[in-house]
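Topology and contacts: notes
The residues making up each chain are set out below.
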Amino acid sequence: MSTVVNKVTLEVRKSVNTPDYDPSLWLINPDHLDAPRHHVRVNEAGDNLELLSEAEIEEADQVAFGALKAEMIEFFRDQYKNERERRYELQTLLYAQYLTYKAAVDMNDDVIDYLTPLVDWIVDGDRLVREAESQVLAASNEDELNAISID
């Protein structure tokens, strides 16, 4: 059994039957398997992995961290959207917005008082997501990034 790495995608497959993998497409038991995928590349000969230079590793880490931040922001947006949709259908929210506007025009304080908690919940949710996004963008390492959450 061997470990193989795809020469194009750097996909790693462990405990495989070596004859099942074409050596022109796969590296068989290459060096640097313990290094993060974005720290290695296929060498010029095409027969092994090599580590990037320190400057290249630093740049690759910045790119990977930026992608991680983008994923985290998207996660928070989806989390809020899913919670909002779980509680209220879009048509309900739009109708509540219309009723709030109409009540304000008609000066109907009872309707405004009734709908205010819904409006406040939406506004607070939007604010919480924006705050989380700001924290994500300000994070300087993965520990700080992993400490961010939305309640």
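Fair warning: this is a prediction, and the values are worked out from it, not measured in the lab.

Before going further, it helps to examine the overall build of the protein. Counting secondary structure elements, the protein contains four helices and five strands. Each helix and strand of the protein, ordered N terminal to C terminal, gives the series β-β-β-β-β-α-α-α-α. When its C-alpha atoms are laid out on the principal axes, the protein stretches across 80 × 35 × 20 Å. Taking as baseline every contact in the protein between residues at least 6 positions apart, the subset at least 24 positions apart corresponds to 39%. Carbon and sulfur atoms make up 51% of the accessible area of the protein, which amounts to about 10800 Å² in all. Between the mean site of the 14 positive side-chain charges and the mean site of the 32 negative ones, the protein shows a separation of 5 Å.

Each regular strand carries side chains that alternate between the two faces of the sheet. Here strand E1 (residues 2-6) runs beside strand E2 (residues 12-16); their pairing, made up of three bridges, is antiparallel. Counterpart to Val5 in the pairing with E2 is Val12.

Turning our eyes to something else, we now look at the nonpolar core. Grouped together as the largest cluster of nonpolar side chains are 17 residues, with contacts concentrated most on Phe76, Val136, Leu145 and Ile148. Of all the secondary-structure elements, those providing two or more residues to this core are helix H1 (54-87), helix H2 (90-106) and helix H3 (109-138). Of the residues forming this core, the biggest block, six residues, is contributed by H3. The residues contacting Ile148, other than those within four sequence positions of it, are Met72, Phe76, Ala132, Gln135 and Val136. Core analysis: the next-biggest nonpolar cluster, separate from the first, contains six residues, Leu10, Leu27, Ala35 and Leu49 among them.

Moving on to the sheet that holds E2. Within a sheet, neighbouring strands are paired by backbone hydrogen bonds and run either parallel or antiparallel to one another. Pairing in this open sheet of three strands is antiparallel, and the strands run E2-E1-E3 from one edge to the other. Of all strands in the sheet, those bounded by a partner on one side alone are E2 and strand E3 (26-28). Across this sheet, the average inter-strand angle for adjacent strands is 25 degrees, counted without regard to direction.

Right, let's get into the side chain of Ser2. By the element assignment, Ser2 lies in strand E1. Within the local environment of Ser2, its side chain forms a polar contact with the side chain of Asn29, the two groups lying 3.4 Å apart. Not counting the four nearest positions on each side in its chain, Ser2 is found in contact with Arg13, Lys14, Ser15, Val16, Thr18, Ile28 and Asn29.

Before going further, it helps to examine unusual backbone geometry. Backbone geometry places Ser15, a non-glycine residue, at a positive phi of 50 degrees. Using a relative accessible area of 57% as the deciding quantity, one classes Ser15 as exposed. Phi is positive for Met107, close to 55 degrees, though the residue is something other than glycine. Structurally, Met107 can be placed in the loop between H2 and H3. Taking relative accessible area as the criterion, Met107 reaches 70% and is therefore assigned exposed.

What follows covers the pairing of E1. Summarising burial for E1: five of the five residues are buried, a large majority. A two-sided burial pattern is seen for E1, the buried positions comprising Ser2, Val4 and Asn6 on one face and Thr3 and Val5 on the other. Turn length for the E1-E2 hairpin, with the two strands adjacent in sequence and antiparallel, is five residues, and the turn residue Leu10 shows positive phi of about 65 degrees. The pairing of E1 with E3 spans three bridges and is antiparallel. Its bridge partner lying in E3, Val4 is registered against Ile28.

Cut-offs applied
- Think of each chain on its own: its residues are numbered from 1, step by step along the sequence as written.
- The predicted nature of this model means local features are confined to residues of pLDDT at least 70 and side-chain atom pairs, given and counted, to a pLDDT of 80 or more, with totals for whole chains, interfaces and linings taken over all residues.
- Water and hydrogen atoms were dropped before computing side-chain values, which therefore reflect all heavy atoms in the structure.
- Secondary structure elements are taken from DSSP: a helix is a run of H or I of four residues or more, a strand is a run of E of two residues or more, and numbering for both begins at the N terminus.
- In this analysis, two residues are considered to be in contact whenever any of their non-hydrogen atoms come within 4.5 Å of each other.
- Using the Shrake-Rupley algorithm and a 1.4 Å probe, accessible areas are obtained, with residue cover drawn only from the displayed protein chains.
- Neither His nor the chain ends contribute to the count of charged residues, in which Lys and Arg are positive and Asp and Glu negative.
- Just so you know, the charge point we use is NZ for Lys, CZ for Arg, CG for Asp and CD for Glu.
- In this analysis, strands are considered paired if DSSP registers two or more bridges between them.
- Think of a nonpolar core as a cluster: buried Ala, Val, Leu, Ile, Met, Phe, Trp, Tyr and Cys residues, connected wherever their side-chain atoms sit within 4.5 Å.
- For every residue, the accessible area (1.4 Å probe, protein chains only) is compared with the maximum for its type, and the residue is labelled buried under 20%, exposed over 50%, or partly exposed between those bounds.
- The angle between two axes is taken between their N-to-C directions and runs from 0 to 180 degrees, where each axis is a line fitted to C-alpha atoms and a helix contributes only its stretch in contact.
- Here a polar contact is taken to be a pair of N or O atoms separated by no more than 3.5 Å, where protein atoms must pair a possible hydrogen donor with a possible acceptor and residues adjacent in sequence count only if both atoms sit in side chains.

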